[in-house]
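Tertiary structure, described
Chain by chain, the residues run as shown.
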Amino acid sequence: MSNVLGRMLFNKRMGTRIKSGRVSLRAEIGRGVKIQRGSYLDKHSAIGAYSYLGNNCSVTVARIGRYCSIADNVIIGPGEHDLEAVSTSAEFARDTFAELTAKPCEIGHDVWIGAQCVILRGVRIGNGAVIGANSVVTKDVAPFEVVAGSPSRVIRKRFPADREQAIAASEWWLLDRDAAAAEIKRLEAET
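Please read these numbers as outputs of a predicted model, since none were measured by experiment. (Residues numbered from 1 in each chain as written. Predicted model: local features only at pLDDT ≥ 70, side-chain atom pairs only at ≥ 80, totals over all residues. Heavy atoms only, no water.)

Here's the deal with helix 4 (residues 177-189)
Under the 1.5 Å per step criterion, the end-to-end length of helix 4 is 18 Å for 13 residues, consistent within 8% with the ideal 18 Å. Along helix 4, the residues that are buried comprise Ala180, Glu183 and Leu187. Taken around the axis of helix 4, the buried residues stretch over an arc of 65 degrees, which confines them to a single face. Along helix 4, exposed side chains directed more than 90 degrees from the buried face belong to Asp178, Lys185 and Ala189. Among the structural elements, helix 3 (161-170) are those in contact with the buried residues of helix 4. (Helix = DSSP H or I, 4+ residues; strand = E, 2+ residues; numbered from the N terminus. Expected span 1.5 Å × (residues − 1). Buried < 20%, exposed > 50% of the residue type's maximum accessible area, 1.4 Å probe, protein only. Arc of directions from axis to C-beta. Contact = heavy atoms within 4.5 Å.)

Written as structure tokens, this is what we have:
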């Protein structure tokens with residue numbers, strides 16, 4: 001079966017909308033995912049239910065949670081050369097792909113990543129975090145933090161600690177769309 005036909009059948013069954021021919025059929029893709037034109041998702045990656053990947057994104061050896069919003073031109077997990085090696089040239093690598101992508105990236109649930117960001121190899125981004133546009137994320141981001149810049153730095157927390165705890169405890173992102181909407185409405189009513 002052709003990739004195009006296989007993807008069409010997958011889209012119909014899973015309620016996804018994949019407009020890019022650069023998405024591996026072996027990638028894990030959740031229900032309701034939207035992937036826009038020109039985006040690349042390799043076979044070693046996963047994107048959770050109801051997440052969105054904008055135009056011209058590149059995702060390599062990464063796990064993306066549920067309900068994530070990832071804008072255009074975002075790069076997650078680009079290959080990185082070993083700065084401790086005598087030479088940084090890939091010419092001397094035994095297994096170039098494995099060496100350049102040794103540490104996976106992990107993006108939590110309900111993460112918003114603004115346009116043209118780069119999330120470096122091995123970075124973990126916690127649930128509910130926000131990454132400002134044009135940021136280069138070089139280190140882990142805690143849940144519900146807002147970071148921006150190059151390299152990124154913490155701008156603020158999204159919520160006070162008690163509200164953050166209530167949202168995290170609800171784990172609404174593990175619910176299907178309608179149940180998640182109801183739980184979000186309940187949480188919003190508590191403010």
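From this point, things continue past the structure.
A word on the sheet that holds strand 12 (residues 105-107)
Paired through backbone hydrogen bonds, the strands of a sheet run either parallel or antiparallel to each other. Spatial strand order, 3-6-9-12-15: five strands in an open sheet with parallel pairing. At either margin of the open sheet sits one strand with a lone partner, and together these are strand 3 (28-29) and strand 15 (124-125). The sheet contact formed by strand 6 (residues 46-47) and strand 9 (residues 62-64) spans two bridges and is parallel. Along strand 9, the bridge assignment pairs Ile47 with Ile64. (Pairing = 2+ DSSP bridges.)

Describing the layout of surface pockets
A volume near 410 Å³ is recorded for the largest pocket. Around the largest pocket, the lining comprises 20 residues; the ones closest to its centre are Glu80, His81, Asp82, Glu99 and Leu100. Among the residues making up the lining of the largest pocket, the classes are represented as eight nonpolar, seven polar and five charged. Approximately 200 Å³ is the volume found for the second largest pocket. Every residue lining the second largest pocket is counted, 16 residues in all, and those nearest its centre are Asp110, Arg158, Phe159, Ile167 and Trp172. Those elements that provide at least two residues to the lining of the second largest pocket are helix 3 and helix 4. Here the lining of the second largest pocket takes three residues from helix 4, the largest share from any one element. For the lining of the second largest pocket, the residue count by class is eleven nonpolar, one polar and four charged. (1 Å grid on protein atoms, 1.4 Å probe; cavity = no way out; pocket = protein on both sides within 12 Å on 5 of 7 lines; lining within 4 Å. Points joined across faces, edges and corners; volume = space filled by probe spheres on them. Nonpolar A, V, L, I, M, F, W, Y, C, P; charged D, E, K, R; others polar.)

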